[in-house]
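An overview of the molecular structure
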Number of protein chains: 2
Amino acid sequence: MTDLNTLGEIGLIERIRQATASPTHPETRLGIGDDAAVFDWGDSYGLLTSDLLVEGIHFDLTYVPLKHLGYKAVTFGVSDIAAMNGLPVQITVGVGLSSRFPVEAVDELYEGIRAACQAYNVDLVGGDTTSSRSGLIISVSVLGKVPKNLITYRNTAKPNDVVCVTGDLGAAYLGLQLLEREKQVFLADPNMQPNLSEERAYLVQRQLRPDARTDMVHELRDLGVLPTAMIDVSDGLASELLHLCRQSGTGAVIFDENLPIDDQTHLAADEFKISPVTAALNGGEDYELLFTVRPQEFDKLATNARITAIGYLTADPTQIVLATKAGQQTPIRAQGWSSQLGA
Amino acid sequence: MTDLNTLGEIGLIERIRQATASPTHPETRLGIGDDAAVFDWGDSYGLLTSDLLVEGIHFDLTYVPLKHLGYKAVTFGVSDIAAMNGLPVQITVGVGLSSRFPVEAVDELYEGIRAACQAYNVDLVGGDTTSSRSGLIISVSVLGKVPKNLITYRNTAKPNDVVCVTGDLGAAYLGLQLLEREKQVFLADPNMQPNLSEERAYLVQRQLRPDARTDMVHELRDLGVLPTAMIDVSDGLASELLHLCRQSGTGAVIFDENLPIDDQTHLAADEFKISPVTAALNGGEDYELLFTVRPQEFDKLATNARITAIGYLTADPTQIVLATKAGQQTPIRAQGWSSQLGA
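Residues numbered from 1 in each chain as written. Chains lettered and ligands numbered in written order. Predicted model: local features only at pLDDT ≥ 70, side-chain atom pairs only at ≥ 80, totals over all residues. Heavy atoms only, no water.

Stated formally: UniProt positions are given in the numbering used here, feature names are shortened, and annotations may be inferred rather than shown by experiment.
The name given to chain A in an unreviewed UniProt entry is Thiamine-monophosphate kinase, with the source organism recorded as Spirosoma taeanense. What the UniProt record of chain A gives under Function (unreviewed entry) is the line "Catalyzes the ATP-dependent phosphorylation of thiamine-monophosphate (TMP) to form thiamine-pyrophosphate (TPP), the active form of vitamin B1." As recorded by UniProt, the Catalytic activity (unreviewed entry) comment attached to chain A reads in full: "thiamine phosphate + ATP = thiamine diphosphate + ADP".

So, in structure tokens, the structure goes:
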């Protein structure tokens, strides 16, 4: 018998992918291996992504309000569609509940789901509910579409492409640290009031109620920019960059001082004695978009405040490095998901 | 605070449906309320269904081999597509695993998933895996298609339509009783060998590895028969008949002696002192198709050994009854899912 931890998530998915039969329906253009499956629907590509969120692994109900959790579950799926440069159309949400949830809690969860559906303009078309003997379980499947000439994969980047990221990174991770600290304070003394000051609101909001960047999909289209490759930042920039480079067969140089990090993230990182660069690289849950563009295309983006160029791709797939101002280069490594399996 | 059990599954789904915004995308023809959501894809309707299977609620790993469980999870989703008179095209399967599962167990689960995908001719296009702190969780989403002129809903049956069912009913429930009994014997004395004789193989197979009736979808098309309404029998005939009648605004008379019940089911029912009619009505997990046809269409089906006429629809929606040979009529009631929520 082989322990699952020896494989890790990527190893396990690769094992499943290799053992999976090739598609037999000609319309199935891509199965496992990108942010979403891709179907040829004639005038456009259809996209399908499914995610599973499990209490104790993906969220802690001690500090996650159910309304925010509902919103975040939808964000989770929609972000995968955005990563293909697509827009969501329909969503199904399955919920596993234990009897400890009153009806009002279910209402609150669905309030958040509906708010997100409205924000992303996606139709909620399925509402499976079931019992669960233990924690809360949420499964989300999103169907989306993208014009055929605009689809972006992970494996189509080229050396010299400029590496860009939307928004800022690491805030969700510092938000999590703040919430975890408050949880410990609360557990020690349930009468304590939470100490989440106004200035920290951004970090907490990035953790509890992140937005998928469908707005950037629209913006890229408006700017007339087609990324050469794209992926969403759910597990942390390092992990996603490694996926993109491995699947495209490229290396990368990322400049640490270019990483977009909010002032609040810097302040909280100081307080928690965490490197803000580490938070940006490995924190995860930012739901920003990591994409690459041809160098000559970058001019169209250069003045956009919501997009930051953080480096470029190289021809050597063995060199995926973080470069400091002083010229030092260190290999970028992903923090594995496998540690979670120890649960 | 209101206890979830006061609502039950149907009440909860209805609450969610009522609070859900109307679809904004013109292609979304139907959201919540049938076996699958329906999308207008131009030359055909697209279908999407999502289901969540949770250890301790939907399956017991004491006696369910993982390979069969993988197969059954796919059956679960494909059956919903068949209920719309459609055929499956793509499927995503999400799996939540705890570290107690070795890699070999995951392989076994996926072996069953792949066998089912081959049997139903559906492409496995997504393989999300995550950790789970407690039991095994499987989420399944199936995309299917149906020619526009062949789609069958639940709410379009009419009085005088003949009520038909494919295959036989109640066997999966008796299979479950056999497995539960062997489990108790095993728990009392782990050295005991299971006493599942050859003659019981059919019942156990119907519980552990049921097939969705995509074959009957093909057969109905070959026979040139279009049901006026259709639903799959997952929760038991009674529950599904009540859905069909309520949504169509009809009543029904079902003849108990017409219910298709296998000889093995009869024998096991005797042994367990369970009424075979109750097993057929409320046992569930048969994954057969319950459908209605116009009386003049029924001639095309009358000699088909895999289809049984069990009654007819009436104009009075308050009368949904089981009729005995002796002429007695008793109201048909569904056994609720709400009891499961007590978990």
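Having seen the model, we can carry on.
Regarding the UniProt feature "domain: PurM-like N-terminal" (unreviewed entry) in chain A
Spelled out, the test is: Elements are defined by DSSP. Helices are runs of H or I of four residues or more, strands are runs of E of two residues or more, and each kind is numbered from the N terminus.
UniProt records the feature "domain: PurM-like N-terminal" (unreviewed entry) for residues 33–146 of chain A in the present numbering. Overall, residues 33–146 of chain A shows 32% helix and 38% strand. The separation of its end C-alpha atoms is 18 Å.

Quick word on the pattern of salt bridges
Residues and elements named next belong to chain B. Here is the rule we go by: Between Lys or Arg on one side and Asp or Glu on the other, a salt bridge is scored when a side-chain nitrogen of the former is within 4 Å of a carboxyl oxygen of the latter. The cut-offs for exposure are 20% and 50% of the maximum accessible area for each residue type, with area from a 1.4 Å probe on protein chains only; residues under the lower value are buried, those over the upper are exposed, and the others partly exposed.
Taken as a whole and judged by the stated rule, the model has 42 salt bridges over all chains. With a closest N to O distance of 2.8 Å, Lys72 and Glu285 form a salt bridge. Taken together, the residues span a long stretch of sequence, with Lys72 in helix H2 (residues 66–83) and Glu285 in the loop between helix H9 (276–282) and strand S11 (288–293) at a distance of 213 residues. The exposure class assigned to Lys72 is buried, which follows from its relative accessible area of 8%. Relative accessible area serves as the criterion here: at 18%, Glu285 is assigned to the buried category. Here Glu271 ties to Arg181 by a salt bridge, and the two come within 2.7 Å at their closest N and O atoms. Separated by 90 residues along the polypeptide, Glu271 in helix H8 (residues 263–272) and Arg181 in helix H4 (residues 171–188) bring together distant segments of the chain.

Things to note about the sheet that holds strand S8 (residues 162–166) of chain B
All names here are of chain B. For clarity, the threshold we go by: Strands were regarded as paired on the criterion that DSSP finds at least two bridges between them. Axes here refer to lines fitted to C-alpha atoms; in helices the fit is confined to the stretch in contact. Angles between the N-to-C directions go from 0 to 180 degrees. Residues are treated as being in contact if the distance between any of their heavy atoms lies within 4.5 Å.
The strand order S9-S11-S8-S12-S10-S13-S14 describes an open sheet built from seven strands, whose pairing is mixed. Looking at the sheet topology across the chains shown, the edges are occupied by strand S9 (229–233) and strand S14 (329–331). Sheet twist, expressed as the mean angle between neighbouring strand axes with direction ignored, is 25°. Its contacts with the sheet put helix H6 (residues 214–223) on S8, S9, S11 and strand S12 (307–314), and the angle it makes with S11 is roughly 25°.

Overview of H8 of chain B
All names here are of chain B. The cut-off we apply is this: Taken from the helix axis, the directions to the C-beta atoms give the arc we talk about. Two N or O atoms count as a polar contact when they lie within 3.5 Å, although within protein this holds only if one can serve as hydrogen donor and the other as acceptor, and sequence-adjacent residues are included solely when both atoms are side-chain atoms.
Along H8, the residues classified as buried are Gln264, Thr265, Ala268 and Ala269. What you see down the axis of H8 is that its buried residues fit within an arc of 130°, all on one side. Set apart from the buried face of H8 by more than 90 degrees, the exposed residues are Asp263, Leu267 and Asp270. Taken together, the buried residues of H8 touch H4, helix H5 (201–208) and H9. Of the residues that open H8, the one with a side-chain oxygen 2.8 Å from the backbone nitrogen of Gln264 is Asp262. Remark: Lys273 follows H8 within two positions and exhibits a positive phi of approximately 55°.

Comments concerning the relation of the copies chain B and chain A
How we decide: C-alpha atoms of residues with pLDDT of at least 70 in both copies form the basis for the least-squares superposition of the copies.
Mapping chain B onto chain A leaves a residual RMSD of 0.0 Å; the transformation is a rotation of 180° accompanied by 0.0 Å of translation along its axis. Between the two chains, the operation in question is that of a two-fold axis. Most of the interface of chain B is mirrored in chain A, where 100% of its interface residues again form contacts.

Quick word on the side chain of Ser50 of chain A
Counting through the fold element by element, Ser50 of chain A comes out in strand S3 (residues 44–54). What makes Ser50 of chain A buried here is its relative accessible area of 12%. A distance of 2.6 Å separates a polar atom in the side chain of Ser50 of chain A from a polar atom in the side chain of Thr92 of chain B. Excluding residues within four positions of it along the chain, Ser50 of chain A makes contact with Val140 and Ser141 of chain A together with Thr92, Asp128 and Ser141 of chain B.

Overview of the domain arrangement of chain A
Size of an interface: often given as the accessible area lost when the parts come together. All names here are of chain A. To keep things clear, this is the line we draw: Boundary definitions for the domains trace back to an automatic or database domain assignment. Note on definitions: buried area is the accessible-area loss of two parts on being combined, 1.4 Å probe, summed for both.
Domain annotation for chain A reports domain 1 (4–149) and domain 2 (162–342). Across the boundary between the two partners, domain 1 contributes 31 residues, which contact 31 residues of domain 2. A per-residue breakdown of the area domain 1 buries against domain 2 is headed by Tyr63, Lys72 and Asn85, which together make up 23% of the total. The interface formed by domain 1 and domain 2 includes two salt bridges.

Points about the sheet that holds strand S12 (residues 307–314) of chain A
Residue and element names in this part refer to chain A. Pairing within the open sheet is mixed, and its seven strands lie in the order S9-S11-S8-S12-S10-S13-S14. Of all the strands in the sheet, just strand S9 (229–233) and strand S14 (329–331) have a single pairing partner and so form its edges. On average, each strand axis in the sheet is tilted by 25° relative to the strand beside it, whichever way the strands run. Bridge count for strand S8 (residues 162–166) against strand S11 (residues 288–293) is four bridges, and the pairing is antiparallel. Looking across to S11, one finds that Val165 is bridged to Leu290. Where helix H7 (residues 237–248) meets the sheet, its contacts fall on S8, S9, strand S10 (251–255), S11, S12 and strand S13 (320–323), and the angle it forms with S9 comes to roughly 155°.

Section: the nonpolar core
Selection criterion: By convention a nonpolar core is built from buried Ala, Val, Leu, Ile, Met, Phe, Trp, Tyr and Cys residues, the set being connected through side-chain atoms within 4.5 Å.
Core analysis: the biggest nonpolar cluster contains 57 residues, and Ile91, Leu136 and Ile138 of chain A have the highest contact counts within it. Among the elements that take part in this core, helix H3 (residues 103–120) of chain A stands out by supplying nine residues, more than any other. By size, the runner-up hydrophobic cluster in this structure holds 56 residues, among which are Phe59, Ile138, Leu208 and Ala268 of chain B.

Overview of the packing of aromatic side chains
Aromatic ring pairs are reported here in terms of the distance separating the ring centres and the angle at which the planes meet. Note the cut-off: Two rings from Phe, Tyr or Trp (for Trp, the six-membered ring) form a pair when their centres are within 6.5 Å of each other. A pair whose planes differ by under 30 degrees is stacked, one over 60 is edge-to-face, and the rest are tilted.
The tally for this structure, following the rule as stated, stands at nine aromatic pairs over all chains. Plain terms: the ring middles of Tyr71 of chain A and Tyr120 of chain A are 5.9 Å apart, the flat faces sit at 50° to each other, and that makes the pair tilted. Here Tyr71 of chain A is found in helix H2 (residues 66–83), whereas its partner Tyr120 of chain A is found in helix H3, with 49 residues between them in sequence. The burial state of Tyr71 of chain A is the same as that of Tyr120 of chain A; both residues are buried. Members of the aromatic cluster, joined through ring pairs, are Phe39 and Trp41 of chain A together with Phe39 and Trp41 of chain B.

Thoughts on the UniProt feature "binding site: ATP" (unreviewed entry) in chain A
The UniProt feature table records "binding site: ATP" (unreviewed entry) at Tyr110, Gly127, Asp128, Arg154 and Ser234 of chain A. With a sequence span of 125 residues, these residues are also far apart in the fold, their greatest C-alpha distance being 32.5 Å. Tracing the sequence through the fold places Tyr110 of chain A in helix H3. Using a relative accessible area of 2% as the deciding quantity, one classes Tyr110 of chain A as buried. With residues near it in sequence (within four places) discarded, Tyr110 of chain A still touches Val93, Val95, Leu124, Gly127, Asp128 and Thr129 of chain A together with Ile16 of chain B. Take Ser234 of chain A: it is sitting in the loop between S9 and H7. Look past the residues within four positions of Ser234 of chain A in its chain and what remains in contact with it is Glu240, Gly284, Glu285 and Tyr287 of chain A.

Some remarks on the pairing of S8 of chain B
Each regular strand shows side chains that alternate between the opposite faces of the sheet. Residue and element names in this part refer to chain B. Of all five residues in S8, five are buried, a share of seventy percent or more. Here S8 shows no split at all, with Val162, Cys164 and Thr166 on one side and Val163 and Val165 on the other all buried. Here S8 runs beside S12; their pairing, made up of five bridges, is antiparallel. Paired with Val165 across the bridge in S12 is Thr308.

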